[in-house]
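One letter stands for each residue in the lines below.
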Amino acid sequence: SLEKYATKSGDNWIFNEIKYGDEFTQHSEKIVELVKIGKSLGYETFIGKREQSDLFDGKKLSEFADHLDIEFLKLDKNIYDRAKFIDVIWLKNNEIHSIFEVESTTNFTSAIQRASNLKGIKNKFMLLPDKREKNLLGIKDPFFIEGFNTYSWKYFLYSDLKTVSTKPYDLDIVLKTLT
């Protein structure tokens, strides 16, 4: 990851903000957007541990979420250790309703590894930039394809998210877009 997003300078690494800064900003923006939509639809929200310290509009992402942890779900430790890094979770009555992984730049397979351990969750979504759709659809790896299909993953694009971003959010439009 360091080699991908930073350059070596002496003994240190320097983040290549010119090349990747916009992608990280978009990632945070989409997470906040998913949280706002979820709250508008009556869900409680959780933002993954890794993203909680990221900034959007001068605030830490953790300030947008209802929950800073999901320990209250009483998950098996191995499942919890992965699930706490899921980008966005919508909850209702202390149960997971929907899982979202915003895949701006990262490997699609990691999303499946993190969230597919949660049994019985039907709403698992990858949100990706329009320009990455061809990459997702072009994956030939049997492990990925089997995981995507077996665990009922769906995907939608940044442009799809724009279609549901009218306020107040219309549950029918949101669900139609996501499914």
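In what follows, the accompanying structure is described. (Residues numbered from 1 in each chain as written. Predicted model: local features only at pLDDT ≥ 70, side-chain atom pairs only at ≥ 80, totals over all residues. Heavy atoms only, no water.)

## Some thoughts on the nonpolar core
Among the nonpolar cores identified, the biggest contains 23 residues, and I96 and M126 are the most heavily contacted of them. Contributing elements (two or more residues each) for this core: α3 (77-83), β6 (88-92), β7 (95-102), α4 (108-115), β8 (123-128), α6 (142-150) and β9 (153-157). Sorting elements by how many residues they give to this core places α4 first, with four residues. Core analysis: the second largest hydrophobic core is formed by 22 residues, V32, V88, F100 and F156 among them. (Core = buried A, V, L, I, M, F, W, Y, C linked by side-chain atoms within 4.5 Å. Buried < 20%, exposed > 50% of the residue type's maximum accessible area, 1.4 Å probe, protein only. Helix = DSSP H or I, 4+ residues; strand = E, 2+ residues; numbered from the N terminus.)

## Focus: the side chain of H67
Positionally, H67 belongs in the loop between β5 (59-60) and α3. A distance of 2.5 Å separates polar atoms of two side chains, one belonging to H67 and the other to E44. The residues contacting H67, other than those within four sequence positions of it, are E44, T45, F46, I47, F72 and L91. (Polar contact = N/O pair within 3.5 Å; in protein donor to acceptor, adjacent residues only side chain to side chain. Contact = heavy atoms within 4.5 Å.)

## Re unusual backbone geometry
One non-glycine residue with positive phi stands out, namely N93, at about 55°. Of the residues examined, N93 reaches a relative accessible area of 68% and is grouped as exposed. One non-glycine residue, S152, adopts positive backbone phi at about 55°. Along the chain, S152 turns up in the loop between α6 and β9. Owing to a relative accessible area of 38%, S152 belongs among the partly exposed residues under this scheme.

## Some details on the pattern of salt bridges
As enumerated under the stated definition, the model contains seven salt bridges in all. Among the salt bridges present, the one from K30 reaches E33, with a minimum N-O distance of 3.8 Å. Of this pair, K30 and E33 both sit in helix α2 (residues 17-40), three residues apart, which is roughly one turn of the helix. A relative accessible area of 5% places K30 in the buried class. (Salt bridge = Lys/Arg side-chain N within 4 Å of Asp/Glu carboxyl O.)

## Thoughts on the environment of T105
Of note, T105 is situated in the loop between β7 and α4. With 27 residues separating them along the chain, T105 and R132 place their C-alpha atoms 8.6 Å apart.

## Describing the packing of aromatic side chains
One pass over the full model with this rule turns up eight aromatic pairs. With a centroid separation of 5.7 Å and an interplanar angle of 35°, the aromatic rings of F144 and F148 are classed as tilted. You can see F144 and its partner F148 sitting in helix α6, four residues apart, about one turn around the helix. Here the two residues F144 and F148 agree in accessibility, since each one is buried. Taken together, the ring pairs in this structure connect Y43, W90, F100, F125 and F156 into an aromatic cluster. Here R50 stacks its cationic end above the ring of F85, 4.6 Å away from the centre of that ring. The ring of Y43 carries the charged tip of K92 above its face, separated from the ring centre by 4.8 Å. (Phe/Tyr/Trp six-rings, centres within 6.5 Å; stacked < 30°, edge-to-face > 60°. Lys NZ or Arg CZ within 6 Å of the ring centre and 35° of its normal.)

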